[in-house]
2 protein chains.
Amino acid sequence: MALYIPDPVAKRLPMYYRYLKETELKQQVFISSSELAQLTGLTASQVRQDVNAFGGEGRQGCGYPVSELKQHIEKILGMSKQQHMIIVGSGNLGRALFRHKAFAERGFTTVGLFDSRMSSAARNKTLPVKHISELERFTAEQKVDIAILTLPAEHAQAMAERLYRCGIRGFWNFAPVDVQLPRDAAVVNVHLDESLELLSYRMENPE
Amino acid sequence: MALYIPDPVAKRLPMYYRYLKETELKQQVFISSSELAQLTGLTASQVRQDVNAFGGEGRQGCGYPVSELKQHIEKILGMSKQQHMIIVGSGNLGRALFRHKAFAERGFTTVGLFDSRMSSAARNKTLPVKHISELERFTAEQKVDIAILTLPAEHAQAMAERLYRCGIRGFWNFAPVDVQLPRDAAVVNVHLDESLELLSYRMENPE
């Protein structure tokens, strides 16, 4: 698919995907752009523009076919693939993500949890933490697509580069810095602090 | 401040804030729109539009005064206030957020962790989990500004309404549904699954 999707539209794809899944569960066959607008908080004309941009097709007088549009987005998002993930950093957040079950249901399987220090939980074997020195051997022996970084800001960049050298090309970064990698790596930075600051802004400036 | 800031610009404020903090730490006094563009991945003209939209001021030939612009954003974000937060849902993510120290440094203090079931950690008193039946008394006795929702999707909406009735007006929602509340409540929905799906998209569609 040689479709070029502008980044702001790409960022909304997972949201469309979620609402289409919910609509499909309600056994609804078609959805109009105004219904989608109401769900997503966009205008109907923006919905039509977005769907057009990612190559979805509606039917005159009926709206968009829910399942078809959902599958179309699924394909664009590459959701049909099985992705293997490792988590680097076994602090509270790393452990929470490691135990989170909903990712596996979506085809994202966590295959390892690494740290440079072995916590008491790791030593007690209640958590299968591997020492970071095992990283190179581990990634040589099995397919790892995505690294989740849940380590302190000051170690994120160097670790991301090391993971890149191990052949990993997907990075989901929770450290509060943007990591910089060659262009063939995909990075999504999750800045939890910024999300909380946005909430503070919305509390200060009600609609 | 009766400034109306468009939502896409508002969403970028925390990011500008972070880069300005980093620039200030480097003792840099002025920053140009093109430097900010490089940091943020926007164009220089978009940076100028954004700064204009949120009422920041540059100086001809010098760029933006870093500390002044940072403080300006701080004020807009309402970061000078002390906010009290409670977490509802003491699963892995709730516990990780409860133990996260960086929020308190920014003025967001977690004052309670609630659940409808008492985990073994709570019973062993290694975690100060309160039973949800104590919610009404707790919020009557002390100021709570923000509720962090880390509970299953099917309970999120009802719990958000209950918290709203307790007078809470800020909601940071990690449950994988959008919660709907009256307009005087501020809600930021964090959809971790969607963030992972965006990563999958970027891996499928490299720049």
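The structure contained in this document is the topic of the report that follows.

Quick word on the sheet that holds strand β6 (residues 146-149) of chain B
- Taken in spatial order, the 6 strands line up as β5-β4-β3-β6-β7-β8 (chain B) in an open sheet, and their pairing is parallel. Each having just a single partner strand, β5 (129-131) and β8 (186-189) of chain B make up the two edges of the open sheet. Across the sheet, the mean angle separating the axes of adjacent strands is 25° when strand polarity is ignored.
- Where strand β3 (residues 83-88) of chain B and β6 of chain B come together, 4 bridges link them in parallel fashion. Looking across to β6 of chain B, one finds that V88 of chain B is bridged to L149 of chain B.
- On the sheet, helix α10 (residues 192-204) of chain A packs against β3, β4 (108-115), β6, β7 (170-173) and β8 of chain B and is oriented at approximately 160° with respect to β8 of chain B.
- Helix α9 (residues 153-165) of chain B rests against β3, β6 and β7 of chain B of the sheet, and its axis sits at about 165° to β6 of chain B.

A word on the environment of L93 of chain B
- As for its position among the elements, L93 of chain B is in helix α5 (residues 92-99).
- Expressed as a C-alpha distance, the spacing of L93 of chain B and V129 of chain B, which sit 36 residues apart in the sequence, is 14 Å.
- Filtering out sequence-adjacent residues up to four positions away, L93 of chain B remains in contact with L93 and A96 of chain A together with T150, F174 and L192 of chain B.

With respect to the interface of chain A and chain B
- The interface is formed by 60 residues belonging to chain A together with 60 residues belonging to chain B.
- Taken together, both faces of the contact between chain A and chain B bury some 5200 Å²; the carbon and sulfur share is 58%.
- Contact with chain B buries surface across chain A, with L196, E197 and Y201 of chain A losing the most and accounting together for 13% of the total.
- For the interface between chain A and chain B, the tally reads 12 salt bridges.
- Here R106 of chain B makes a salt bridge to D193 of chain A, at a shortest N to O gap of 3.4 Å.
- Taken together, the connections running from chain A to chain B amount to 20 residue pairs in polar contact (both at pLDDT 80 or more).
- Within the residue set of the side of chain A that touches chain B, elements represented by two or more residues are α1 (7-25), α4 (66-77), β3 (83-88), α5 (92-99), α6 (102-105), β7 (170-173), β8 (186-189) and α10 of chain A.
- A total of 13 residues in the side of chain A that touches chain B trace back to one element, the largest contributor, which is α10 of chain A.
- When grouped by side-chain class, the residues that make up the side of chain A that touches chain B number 33 nonpolar, 9 polar and 18 charged.

Topic: helix α9 (residues 153-165) of chain A
Residue and element names in this part refer to chain A.
- Where α9 is concerned, the buried positions are A156, M159, A160, L163 and Y164.
- Against the buried residues of α9 lie β3, α8 (135-141), β6 (146-149) and β7.
- G167 occupies a position one or two residues after α9 and carries a positive phi of about 100°.

Cut-offs used in this document
Residues numbered from 1 in each chain as written. Chains lettered and ligands numbered in written order. Predicted model: local features only at pLDDT ≥ 70, side-chain atom pairs only at ≥ 80, totals over all residues. Heavy atoms only, no water. Pairing = 2+ DSSP bridges. Helix = DSSP H or I, 4+ residues; strand = E, 2+ residues; numbered from the N terminus. Axes fitted to C-alpha atoms, helices over the stretch in contact; angles between N-to-C directions. Contact = heavy atoms within 4.5 Å. Buried area = accessible area lost by both parts, 1.4 Å probe. Salt bridge = Lys/Arg side-chain N within 4 Å of Asp/Glu carboxyl O. Polar contact = N/O pair within 3.5 Å; in protein donor to acceptor, adjacent residues only side chain to side chain. Nonpolar A, V, L, I, M, F, W, Y, C, P; charged D, E, K, R; others polar. Buried < 20%, exposed > 50% of the residue type's maximum accessible area, 1.4 Å probe, protein only.

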